[in-house]
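Remarks on the overall topology
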Amino acid sequence: MPANIKNQKEEQRATLLRAHGLPKTTRAIVVSYVQNAGIQAFLTLACASLGVVLLHEKNETILAWADAWITDVLDTSVPVDTLLQNVVVPIVPTGDKRFSDFNPMKFEGNAFLFEKVDEYQMFASLVRYLENIRYPGDKRTLLKNVSETSI
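Notes on the structure in this doc start here.

Conventions and cut-offs
Residues numbered from 1 in each chain as written. Predicted model: local features only at pLDDT ≥ 70, side-chain atom pairs only at ≥ 80, totals over all residues. Heavy atoms only, no water. Axes fitted to C-alpha atoms, helices over the stretch in contact; angles between N-to-C directions. Helix = DSSP H or I, 4+ residues; strand = E, 2+ residues; numbered from the N terminus. Parallel < 35°, antiparallel > 145°, perpendicular 65-115°, else oblique. Left-handed = near helix turned anticlockwise from the far one by under 90°. Contact = heavy atoms within 4.5 Å. Nonpolar A, V, L, I, M, F, W, Y, C, P; charged D, E, K, R; others polar. Buried < 20%, exposed > 50% of the residue type's maximum accessible area, 1.4 Å probe, protein only. Pairing = 2+ DSSP bridges. Right-handed = clockwise from strand over helix to strand, strands pointing away.

Close contact between helix 2 (residues 37-50) and helix 5 (residues 119-133) brings their axes to 10 Å; oriented N to C, the two are set at 30°. As the angle between them shows, helix 2 and helix 5 are arranged roughly parallel. Here the hand of the crossing between helix 2 and helix 5 comes out right-handed. The residues of helix 5 that touch helix 2, namely those facing Ile39, Phe42, Leu43, Ala46, Cys47 and Leu50, are Glu119, Tyr120, Met122, Phe123, Leu126, Val127 and Leu130. Class assignment of the residues belonging to the contact of helix 2 with helix 5 gives a composition of twelve nonpolar, no polar and one charged.

Looking now at the pairing of strand 2 (residues 52-55). The side-chain alternation of strand 2 yields two buried faces, one formed by Val52 and Leu54 and the other by Val53 and Leu55. Relative to strand 2, strand 1 (residues 28-33) is paired through four bridges, and the arrangement is parallel. Considered in strand 2, the bridge of isoleucine 29 is made with valine 53. Viewed along the sheet, the connection from strand 1 through helix 2 into strand 2 turns out right-handed.

See the structure below:
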């Protein structure tokens, strides 16, 4: 992992904000792979109220420059390898051995996991992500852990 991964991600994020005409105050840019229409609608409204941009568009630039990605199903429609290579933080259901829940007190974990696929647990994991990236040390540790995830 490059030593300046946090700075590099911030520069890429700023470029994405400009390209989409998004406000600089955007808390996070999250790429959605949510297949359940009800959950998708709930998360879209919830994210808007938190200053989070939930993108459904999935071109290479967005996959490289997004802050996080969220899904209700880990299947072949989700380009996990590409997202991990670009250090995009996963918010995913439990079950994939590559992902462990982020614990800033122990400096371990590379994702924000939820047990049950429903709008409330997924939203809670998204909020935990938002809380943790507010602290530079936690964000740096999280990005380092994501970058070291085996593909």
